[in-house]
Amino acid sequence: MPRAKGQGRPAREKAGARGAEAAREPPLTLGVSGLGFVGVAMSVAFAHYGHDVVGYDVVDRRREEVGRGHAPFFDPGLEEELSSAVKSGRLRVAKDRESFFRDADVVFLCLPTPSRSDGSVETSFLEEEALRLGKLLRRSRSWKLIVVKSTSPPGTVRKIERIIAGESGKKPGEDFSVASNPEFLAEGNLVRDALEPSRIVVGTSDERSERTLRQAYSGFPGPFVALPPTSSELVKYSSNALLAVKVSFANEIARLAEKVGSDVYPVMEAVGMDPRLGKAFLRAGPGFGGSCFPKDLKGLVAFARQMGVPLPVTDAALNVNETQARHVVDLAETASGGLLAGREVALLGLAFKRDTDDVRESRAYPILGELLKRGALVRLHDPKAAESFRAGLPKILSVDPGPRVRFCETPEEALRGANLALVQCDWEEYAALPPSAWKELKDRLVIDARRSVDPATMRRAGVRYVAIGKGEP
Ligand SMILES: NC(=O)c1ccc[n+]([C@@H]2O[C@H](COP(=O)([O-])OP(=O)(O)OC[C@H]3O[C@@H](n4cnc5c(N)ncnc54)[C@H](O)[C@@H]3O)[C@@H](O)[C@H]2O)c1
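Computed from a predicted model, the values in this text were never measured in an experiment.

To continue, consider the overall build of the protein chain. Helix and strand counts for the protein chain stand at 19 helices and 14 strands. Computed over its C-alpha atoms, the radius of gyration of the protein chain comes to 24 Å, within 12% of the 23 Å expected for a compact globule of 473 residues.

Next up, the structure:
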């Protein structure tokens, strides 16, 4: 279970600059609207540091589940933290928006901001919610702080402020304020990231909002960075774009390493020893997926285009990523003697990364599409994400693949009698498979797109091991 500094003590008793300031303020009730990955993780974290938290979601089932202390998705340690937050009485879920808004002093909007078909960011969830909150604010007599936690383009806070002011007839900065507070947590590590943020970035236009957010984050470790709203909004996009650039750069060098008989892993390890660069996000693989990087990079590029500013570096990171799935399948095809048609491939790992059941933008989708295009038969396995992956299949496959795609209950079942295996996701259980499981592959061939299985195990199994980013010396 992740542990953070000062854990378990109520926020208002905390020592330290932020805690001491907060101790003089009346207690706040923190409202979290949208109980998805970010909303649930942040509700748990605020409750963990002793705040009174009220949650709300438009989906009845979500409210009911979270209200019972049951995590709606898998992430290590989340179920336990959520259940204890609810049991302690510090976290509850409101039955409707009216009571939620009435009880909350601060409303954190953790709503979806998906991509539109042209890559630009769909902010209508936030805008429509702003209209509803504006109506409720009209009848409210207390000052409210609305915080945009969703990843949204620079200028969104201002837009939300205008909508609420127009709908409520109230004055921004006096009767209510709108602030930005982007979130940097990563799935697969939700609890620790929420409890121990690398930094808390806020974008405020008035002193009261900043003071209130300092109080909301009292007890949290990590530096508190206060900026104007537009800059705070830009921090989030810049962070994700730069991380994605590192991933795509490692993938680009991986292709070169394969050609020249080098190995990108020790190369990037040595590159990352330079403290100016750092080792994180330099591991070559099948490309980045998930609900954030692809969407946020496209959103940033589209927003900058509207502003008349080209972003060639970010664009290139996206391009490398889009071709990486094909590259992985090329590795499999070349290793199979140039022919995948009619071969059975065990595709291991469907989640966009390990330790989550989230399959949004998972690289397993384009890899599967490419395998089918080349005539392969595919067996699929994932310890947590098989069901959500299956649900997303109709969206990516224009025709029903019928028996050419089959889900397997265990990795052993996927391997037994398949020609080759392609490891897309670095789940621990694949690394733990004994040589006897891999021996069951007819062609004794494994393509490791995550560098997650041990080459020594492959040698013991008598399996040819093709690792992404590693050429034949
Ligand atoms: N998932 C991540 O790892 C992550 C990390 C950092 C930032 N973000 C950003 O945070 C935002 C939320 O992401 P997420 O992954 O938590 O999304 P999500 O889809 O998991 O959750 C969104 C929730 O909002 C609810 N919702 C929709 N409209 C609503 C409304 N009007 N009122 C109340 N609830 C409503 C949905 O039912 C859903 O439960 C996005 O902007 C995302 O880009 C996500």
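Read on, since the account is not over.
So, on to the domain arrangement of the protein chain. What the domain assignment reports for the protein chain is domain 1 (11-227) and domain 2 (240-467). Distance from the C-alpha centre of domain 1 to the C-alpha centre of domain 2: 34 Å. Tallied by class, the residues present in the side of domain 1 that touches domain 2 amount to six nonpolar, five polar and three charged.

Right, let's get into the site of the ligand. Lining the immediate environment of the ligand, one finds 26 residues, of which Gly-34, Gly-36, Val-38, Ser-150 and Thr-151 sit closest. Mapped onto the shell around the ligand, the elements with two or more residues apiece are α2 (37-48) and α6 (124-138). It is α2 that contributes the most residues to the shell around the ligand, three residues altogether.

Moving on: the pairing of strand β10 (residues 377-381). Most of β10 sits inside the fold, with four of its five residues counted as buried. Note that the unit made of strand β9 (residues 344-348), helix α14 (residues 364-373) and β10 has a crossover that is right-handed. Here β10 pairs with strand β11 (residues 405-407) via three bridges, running parallel. Across the sheet, the residue bridging to Leu-380 is Phe-407, located in β11.

Take the nonpolar core next. Residues Val-345, Leu-347, Leu-420, Ala-421, Leu-422 and Val-446 are the most contacted members of the largest nonpolar core, which totals 72 residues. If we skip the residues at most four places from it in the chain, Leu-422 touches Ala-332, Val-345, Leu-347, Leu-348, Ile-367, Ile-447 and Ala-449. One finds Val-44, Ala-94, Leu-109 and Leu-126 within the second-largest nonpolar core, a separate group that totals 59 residues.

Further remarks concern the environment of Ala-179. Tracing the chain through its elements places Ala-179 in strand β6 (residues 176-180). On the basis of neighbour counts, which here come to 26 C-beta atoms within 10 Å, the residue Ala-179 falls in the buried class. C-alpha of Ala-179 to C-alpha of Ser-209: the two residues are 30 residues apart in sequence and 7.1 Å apart in space. The residues contacting Ala-179, other than those within four sequence positions of it, are Leu-145, Val-147, Val-157, Val-202, Gly-203, Thr-204, Ser-209, Leu-213 and Pro-229.

For the rest of this paragraph, the subject is the packing of α6 against helix α7 (residues 156-168). Remark: α6 packs on α7, axes separated minimally by 7 Å, with the N-to-C direction vectors making an angle of 35°. The two elements α6 and α7 cross, and the hand of that crossing is right-handed. Contacts between α6 and α7 involve Leu-126, Glu-127, Ala-130, Leu-131, Leu-133, Gly-134, Lys-135, Leu-137 and Arg-138 from the first element and Thr-156, Lys-159, Ile-160, Ile-163, Ile-164, Gly-166, Glu-167 and Ser-168 from the second. For the contact of α6 with α7, the per-class residue count stands at eight nonpolar, four polar and five charged.

What follows deals with helix α12 (residues 293-306). The first and last C-alpha atoms of α12 sit 20 Å apart over 14 residues, in line with the 20 Å expected at 1.5 Å per residue. Those residues of α12 lying buried are Phe-293, Pro-294, Lys-295, Asp-296, Leu-297, Gly-299, Leu-300, Val-301 and Phe-303. Of the residues trailing α12, Gly-308 is marked for its positive phi of about 80°.

What follows covers the packing of α2 against helix α4 (residues 78-87). Contact geometry for α2 and α4: axes closest at 9 Å, N-to-C directions at 55°. When the interaxial angle is binned, α2 and α4 end up oblique. Judged by the sense of rotation from one axis to the other, the crossing of α2 with α4 is left-handed. Where α2 approaches α4, its residues Val-40, Val-44, Ala-47 and His-48 are matched on the opposing element by Glu-81, Leu-82 and Ala-85. In terms of residue class, the contact of α2 with α4 is made up of five nonpolar, one polar and one charged.

Cut-offs used in this document
Residues numbered from 1 in each chain as written. Predicted model: local features only at pLDDT ≥ 70, side-chain atom pairs only at ≥ 80, totals over all residues. Helix = DSSP H or I, 4+ residues; strand = E, 2+ residues; numbered from the N terminus. Rg over C-alpha atoms; globule rule 2.2 N^0.38 Å. Domains from an automatic or database assignment. Nonpolar A, V, L, I, M, F, W, Y, C, P; charged D, E, K, R; others polar. Near = placed C-beta within 6 Å. Buried ≥ 20, exposed ≤ 12 C-beta atoms within 10 Å, placed from the backbone. Right-handed = clockwise from strand over helix to strand, strands pointing away. Pairing = 2+ DSSP bridges. Core = buried A, V, L, I, M, F, W, Y, C linked by C-beta atoms within 7 Å. Contact = placed C-beta atoms within 7 Å. Axes fitted to C-alpha atoms, helices over the stretch in contact; angles between N-to-C directions. Left-handed = near helix turned anticlockwise from the far one by under 90°. Expected span 1.5 Å × (residues − 1). Parallel < 35°, antiparallel > 145°, perpendicular 65-115°, else oblique.

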